[in-house]
Amino acid sequence: MRVLGAGLVVIGALAAGCGGAGTDTTVAKPKVDTAAATRQAKAAKVAAAAKVKANELGQIPVIMFHRVVDKPTTQDDRTPAQFRADLERLAKDGYVPVSAAEYTTGKIDIPAGKHAVVLTFDDSSPSQLTLDELGQPKQGTAVQILQDVAKRNPGFRAAATFYVTGDMFGKTAPEEQAQMMLWLKQNGFDIGNHTRDHHSLSGKPQKAVVEEIAAGQKLVTALDGAPPVTLALPYGNQPRKKDWARSGKSGDVSYNHAGVFLAGYTPAPAPFNKNFDPLGIPRIRAMDKKGDCAQFCSTAWLDWLNQNADQRYTSDGDPTTVAYPKFKAPFLRKDFAARALPY
């Protein structure tokens, strides 16, 4: 009986293998409705953006720092304690630093519900970065404090842009200058052009303007190996024609900046907003609310943005989309229409 049974199984298998007329053992796979899946995915993104009240057409504070010293001698200086308080306040208010290069090129990748902020440091002071004998930032320098605050506040990035000049953090030897630039690059910091000699560009002829900027370009590129993406104008002074600051060529050195920063008094439009002007991006001085700064410096503007949350940049958490309330659609730059996610 066992042999007979086995034989019947073999015969059955052979018959199935030969395949009689009209026999089809293929199991049909259900068709995937690609269009429906795409609609569902977009609906989910819209719902997520609405949940966090995303507004990626909103305003972004670009904060301008100079020296961080125990005994300030100018209104642009901050003490280490003041600087730490500035950063702690940003972390508490839900800001996440992005570099000037990320901001100007629209590559803002921060968590949903968070707000972008750009931290910029002008003039490459030793108080911003000095390395100890082990190659680590010295205690009390801006970079050391920034890294410490980031460590204590998960999600708050140690990201900033340094606009360097020929002084280069107090170093004069090319090897020492290269060492500082290499450290910044290896630790994820952005390096921008501030011209080599920090002379005002206001009123100068085109040739002189281009030479000044190209000298800064050459300085950074020779030490860093990569051309700077952005320029911060010395003293915030624009040349007679703004476009001279964006692109130009002097000798064998050419430059083409994605953004040019001023030293103005307001938050900056998001790069996706039609009011964004890459040739004149405003910055905010880091100061407390007193005198002129009662209205126009960092503490005052951060208070204002907290009180006017609908005007502030808020991320949807997806760097491939530009999310915003539908009624803000007229402010979207046409360049980013393909990434638009109104809700």
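Quick notes on the rules
Residues numbered from 1 in each chain as written. Predicted model: local features only at pLDDT ≥ 70, side-chain atom pairs only at ≥ 80, totals over all residues. Heavy atoms only, no water. Helix = DSSP H or I, 4+ residues; strand = E, 2+ residues; numbered from the N terminus. Buried < 20%, exposed > 50% of the residue type's maximum accessible area, 1.4 Å probe, protein only. Contact = heavy atoms within 4.5 Å. Disulfide = S-S within 2.5 Å. Phe/Tyr/Trp six-rings, centres within 6.5 Å; stacked < 30°, edge-to-face > 60°. pLDDT = per-residue confidence, 0-100. Salt bridge = Lys/Arg side-chain N within 4 Å of Asp/Glu carboxyl O. Pairing = 2+ DSSP bridges. 1 Å grid on protein atoms, 1.4 Å probe; cavity = no way out; pocket = protein on both sides within 12 Å on 5 of 7 lines; lining within 4 Å. Points joined across faces, edges and corners; volume = space filled by probe spheres on them. Nonpolar A, V, L, I, M, F, W, Y, C, P; charged D, E, K, R; others polar. Expected span 1.5 Å × (residues − 1). Axes fitted to C-alpha atoms, helices over the stretch in contact; angles between N-to-C directions. Parallel < 35°, antiparallel > 145°, perpendicular 65-115°, else oblique.

Residue placement: Ala 37 occurs in helix H2 (residues 34-51). The sequence separation of Ala 37 and Gly 140 amounts to 103 residues, and the corresponding C-alpha distance is 53 Å.

This part takes up helix H5 (residues 142-152). The element H5 is extensively covered by neighbouring structure, given that eight of its 11 residues are classed as buried. Listed as buried for H5 are Ala 142, Val 143, Gln 144, Ile 145, Leu 146, Asp 148, Val 149 and Ala 150. In this structure, the buried side of H5 is in contact with helix H3 (80-92), strand S4 (115-122), strand S5 (161-164) and helix H6 (174-186).

According to the stated counting rule, one finds one disulfide in the structure shown. The partner cysteine of Cys 293 in its disulfide is Cys 297, sulfur to sulfur 1.9 Å. Residues Cys 293 and Cys 297 share a disulfide whose torsion about the S-S bond is about -40°; that sign makes it left-handed. Here Cys 293 falls in the buried class, since its relative accessible area comes to 3%.

In total, this model carries 13 aromatic pairs according to the counting rule given. The interplanar angle of 75° and the centroid separation of 5.8 Å between the aromatic rings of Phe 83 and Phe 121 together place this pair among those described as edge-to-face. Remark: Phe 121 occurs in strand S4 and Phe 83 occurs in helix H3; sequence separation between them is 38 residues. Plain terms: the ring middles of Tyr 265 and Phe 296 are 5.8 Å apart, the flat faces sit at 65° to each other, and that makes the pair edge-to-face. Taken together, the positions of Tyr 265 in the loop between strand S10 (259-261) and strand S11 (268-269) and Phe 296 in helix H9 (residues 293-296) put the pair 31 residues apart, joining distant regions of the chain. We classify Phe 296 as partly exposed; its relative accessible area is 33%. Linked through ring pairs, Phe 65, Phe 83, Phe 121, Phe 162, Phe 169, Trp 183 and Phe 189 together constitute an aromatic cluster.

To continue, consider the confidence of the model for the protein. Summing up the model confidence of the protein, the mean pLDDT is 92 and the portion of residues at 70 or higher is 91%. Confidence drops under pLDDT 50 across residues 1-21; counting only partners more than four residues distant or on other chains, this segment forms zero contacts.

Turning our eyes to something else, we now look at the pattern of salt bridges. For the structure shown, the criterion picks out 18 salt bridges. Linking Arg 89 and Asp 93 is a salt bridge whose minimum nitrogen-to-oxygen distance equals 2.5 Å. For Asp 93, a relative accessible area of 14% puts it in the buried group. The structure contains a network of salt bridges with shared partners spanning Arg 89, Asp 93, Lys 289 and Asp 303.

Taking every second residue as pointing to the same face, both faces of strand S2 (residues 62-65) are buried, with Val 62 and Met 64 on one and Ile 63 and Phe 65 on the other. As paired elements, S2 and S4 share four bridges and run parallel to each other. Looking across to S4, one finds that Val 62 is bridged to Val 118. Relative to strand S12 (residues 284-285), S2 is paired through two bridges, and the arrangement is parallel. Directly across from Ile 63, in S12, lies its bridge partner Ile 284.

The volume enclosed by the largest pocket comes to roughly 200 Å³. Forming the boundary of the largest pocket are 14 residues, of which Leu 57, Gly 58, Asn 273, Gln 311 and Phe 331 lie nearest the centre. A breakdown of the residues in the lining of the largest pocket according to their chemical character gives six nonpolar, six polar and two charged.

With 19 residues, helix H7 (residues 206-224) extends 27 Å from end C-alpha to end C-alpha; this agrees with the ideal 27 Å at 1.5 Å per step. Listed in full, the buried residues belonging to H7 are Val 209, Val 210, Glu 212, Ile 213, Ala 214, Ala 215, Gly 216, Gln 217, Leu 219, Val 220, Leu 223 and Asp 224. Of the residues trailing H7, Gly 225 is marked for its positive phi of about 90°.

At a minimum axis separation of 8 Å, H6 and H7 run at an interaxial angle of 80°. Considering the angle they form, H6 stands roughly perpendicular to H7. Every residue of H7 that contacts H6 at Pro 174, Gln 177, Ala 178, Met 181 and Lys 185 is listed here: Leu 219, Val 220, Leu 223 and Asp 224. Of the residues that constitute the contact of H6 with H7, the class distribution is six nonpolar, one polar and two charged.

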